[in-house]
Amino acid sequence: MSLLAAMRPIRLSCLLLPLAFSAACRGAGRAADAGAPAASSSSSGGTSGASGGPGTGGDGGSASGGGAGGQPLGSACGAGDCAAGLTCLTAVPGGYCTAACGAAAPCPAGGACVEVLPGQSACGRSCASDVDCARGGFSCDPACRVCIPSLTVGQIACGSSPAVGLGGHRPDGGACGALPVDAGPLAFGPPIEVSGGPLSASEAEGVLAAGDAGIVVAFMAAPADGGASRIGTAVSTDRGATFEVGTALAGGEDEIAFDPSLAVDGSGRFYLAWAGVTGSGAHLWVESSAGGVAWSTPVNALSPGDVDPGGGAIDKPSLAVSPADGRPYVAFGEFSGEFGGAGPYQIRLVGGAAGAASFSPGAEVDNGGRAAFRDLPSLAFDDSGFAYLTWVESTDLAAVLEDQASGTTLAGGTAESIWFALLLPGPQGVSPPKEPNVEVSGAADRVVVDRPALAVSPDGANLYVVYVVGGDDATDIVVAASEDEGATWGSAVPVNADRGCATHFHPAAFLDGGGRLFVSWVDNRDGTGHVFYAVSEDGARTFGPAALVSPSPFVFDTLDGVPAWLGGYQTLAGAGGRLFSLFTAPTGGAGVETAAHVYLAAAPLP
């Protein structure tokens, strides 16, 4: 989930409404873009463990078309109530009959097209005053003159704009190149869907933890009933061959739950953390489970000093367990005041007791002397209990807002950078860094605001940070390495060979016992979305050719909160001699997305 989804005021868009529109946006689809790639044919489903891949799966079910004689534009509705050509967004309070719109798809008489997200437009009922809306809780937006939920007045754009969010491409707008022919050193099996279930309409932001006793997946879910986003889980006891999706979703009815993070300790106990927002403020929930089925009562890991009581929020928690003391630790971004204001923007760390029964007050991890936006931390431990932490900083808040709000170009800049901190173990747990923060990225790197991936060798001798760099038309995956516990970092090495064309983003990394570094990412080099990987066998000095995790294409869109949302990250993890790639992909066909789900592909490690 993007920063704005939790921190911006309510808005008539998919960034909002778990409070109003979120689940409905994912289920409603959008008008097909000219030249949009067709995904695989859709099939009913969402059954856990079903073999398939991105491009298979069922409709999210949160929006439904109607027939002749149904309710007109802007009316209250339930599924199937709207007139022909209209869709009921059932997640809006009372429902709302609408349709996607644009230059090639004008609204019906009595309606106007408004932009609810950059490049995403919908029809609203035209009005001159609130009286014309004739619905409690709805008002006439004074600028766009359409009826919308009262809380969203003033937060939509009038008219429509061309679809955006397709990422990098050639200057002529075409695809950058063909898919690789070589399957690479790994033999990934067909992806299986590991989310879905009867309580969820769509899912994204999947994370995975793998231990000897089993595999647990967690994801952010848009519930089928149109309520606030929740956290769902799925568990495998057969090394990832099949998954049982949980029948309960974590998070309160009045709380937006997002950004899950998972870890497993040496004894096989799983820990799950996620961020939550209610009217009373921000929460950081942590729970544990012996096998991933029955979880402990969630504990709020935040103390009063960990978040600004005057409107502060948290983002992107990263959970890890120390092998030295068995305690869970969570790093997160904390923003004082509403996002977009003066800040400060901190990276904080909280530590808990084994089992996540309680947590101590947190501490700021960054030095605090640099006036910058900070977020997207990644936390990892070595076997001795030394903790390693990396994150993104930016001195240009406008660039951060652009990347997080629309994702239309994901253009990096020299105002953005990647930073690192070493945290030392002690009798009271891991302490804040005793050494200054270290900048990982180079001065000339055009760093993109995308979560960096961190890989640490068991002895701490080798550290790797994977991040994204690039400009308006292309972004690339690079890796920086350190051999002195992060005191110094070498120049970043490219991972993908097709540099300078297409969007490559959302990196993940895994370091195996033999010192091989596996890096995966998402890109659109052929005009559709795929997950790729590459391997380095020489300490990230060079990487082999990119290969596909899954050959099945999916609709690629860098926008946050649209039906084809790819989430904010994907996961690469290994256990039991297998490598697992977990990613989000939309389903549907003919360029119209229905819902996003989380998929797992696995390969034996040679």
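Residues numbered from 1 in each chain as written. Predicted model: local features only at pLDDT ≥ 70, side-chain atom pairs only at ≥ 80, totals over all residues. Heavy atoms only, no water.

Participant: Whenever I open this one, the overall build of the protein confuses me. Can you help?
Facilitator: The helix and strand inventory of the protein stands at four helices and 36 strands. The proportion of buried residues among the 606 residues of the protein is 59%. If you take every contact in the protein between residues at least 6 apart in sequence, the share linking residues at least 24 apart comes to 56%. Of the roughly 20,600 Å² of accessible surface on the protein, 54% is carried by carbon and sulfur atoms. (Helix = DSSP H or I, 4+ residues; strand = E, 2+ residues; numbered from the N terminus. Buried < 20%, exposed > 50% of the residue type's maximum accessible area, 1.4 Å probe, protein only. Contact = heavy atoms within 4.5 Å. Areas by Shrake-Rupley, 256 points an atom, 1.4 Å probe, with all protein chains shown as cover.)

Participant: How should the sheet that holds strand 11 (residues 214-223) be read in this particular structure?
Facilitator: Adjacent strands of a sheet form backbone hydrogen bonds with each other and so pair up, either parallel or antiparallel. Across the sheet, four strands lie side by side as 10-11-12-13; this open sheet has antiparallel pairing. A single partner strand is all that each edge strand has here, and the edge strands are strand 10 (200-211) and strand 13 (244-245). Pairing of strand 11 with strand 12 (residues 230-236), which is carried by seven bridges, proceeds in the antiparallel orientation. Bridging from a neighbouring strand, Met220 pairs with Ile231 of strand 12. (Pairing = 2+ DSSP bridges.)

Participant: How do you make sense of the pattern of salt bridges when you look at a structure like this?
Facilitator: Opposite charge on two side chains lets them pair, provided their charged atoms get close. The full count for this structure, using the stated rule, is eleven salt bridges. With a shortest N-O distance of 3.0 Å, Asp306 and Arg348 are connected by a salt bridge. Linking Asp306 in the loop between strand 17 (299-300) and strand 18 (313-321) with Arg348 in strand 20 (residues 345-351), this pair joins segments that are 42 residues apart in sequence. A residue is classified by how much of its surface remains accessible, and Asp306, at 2% relative accessible area, is buried. Among the ionic contacts, a cluster of salt bridges with common partners joins Asp366, Arg370, Arg374 and Glu393. (Salt bridge = Lys/Arg side-chain N within 4 Å of Asp/Glu carboxyl O.)

Participant: Just checking my understanding: could you explain the pairing of strand 24 (residues 416-423) for this structure?
Facilitator: Two faces, one strand: in a regular strand the side chains alternate between the faces of the sheet. The buried fraction of strand 24 amounts to eight of the eight residues, a majority that puts the element mostly inside the structure. Side-chain alternation along strand 24 places Glu416, Ile418, Phe420 and Leu422 on one buried face and Ser417, Trp419, Ala421 and Leu423 on a second face that is also buried. The pairing of strand 23 (residues 387-394) with strand 24 spans eight bridges and is classified as antiparallel. The partner of Ser394 across the bridge, within strand 24, is Glu416. When strand 24 meets strand 25 (residues 438-439), the two strands line up antiparallel, connected through two bridges. Bridge assignment links Trp419 to a residue of strand 25, and that residue is Glu439.

Participant: For this particular structure, what's the right way to read the state of the cysteines?
Facilitator: Taken as a whole and assessed by the stated rule, the structure comprises seven disulfides. Two residues, Cys77 and Cys88, share a disulfide whose sulfurs are 2.1 Å apart. On the sign convention where negative is left-handed, the bridge of Cys77 and Cys88, at about 90° about the S-S bond, is right-handed. A residue pair is termed long-range when its members are at least 10 positions apart, and Cys77 in the loop between strand 1 (63-65) and strand 2 (87-89) and Cys88 in strand 2 qualify at eleven residues. Look at Cys77 and you get buried, because its relative accessible area is 11%. (Disulfide = S-S within 2.5 Å.)

Participant: Help me understand the sheet that holds strand 18, please; the structure alone is not making it clear to me.
Facilitator: Spatially, the four strands line up as an open sheet ordered 18-19-20-21, and their pairing is antiparallel. Because the sheet does not close on itself, it has two edges, and the strands there are strand 18 and strand 21 (363-364). Relative to strand 19 (residues 328-335), strand 18 is paired through seven bridges, and the arrangement is antiparallel. Bridge pairing in strand 19 links Ile314 to Glu334.

Participant: Looking at this model, I keep getting lost on the environment of Ser280. Mind explaining?
Facilitator: Position of Ser280 among the secondary structure elements: in the loop between strand 15 (270-278) and strand 16 (281-289). When the C-alpha atoms of Ser280 and Gly311 are compared, they prove to be 9.2 Å apart, with 31 residues separating the residues in sequence.

Participant: Explain the environment of Ala157 here, please?
Facilitator: Tracing the backbone through its elements, the reader meets Ala157 in strand 8 (residues 157-158). Taking relative accessible area as the criterion, Ala157 reaches 30% and is therefore assigned partly exposed. Counting along the chain gives 42 residues from Ala157 to Glu115, while the straight-line C-alpha distance between them is 4.9 Å. Leave out the neighbours within four places in its chain, and Ala157 touches Val114, Glu115 and Cys144.

Participant: How should the packing of aromatic side chains be read in this particular structure?
Facilitator: The relation between two aromatic rings is expressed through the spacing of the ring centres and the mutual angle of the planes. In this structure the tally under the stated criterion is 13 aromatic pairs. The structure contains a cluster of three or more aromatic residues connected by ring pairs, namely Phe335, Tyr345 and Phe373. The lysine or arginine in question, Arg135, covers the ring of Phe138, its NZ or CZ lying 3.9 Å from the ring centre. The ring of Tyr569 carries Arg451 above its face, with NZ or CZ at 5.4 Å from the centroid. (Phe/Tyr/Trp six-rings, centres within 6.5 Å; stacked < 30°, edge-to-face > 60°. Lys NZ or Arg CZ within 6 Å of the ring centre and 35° of its normal.)

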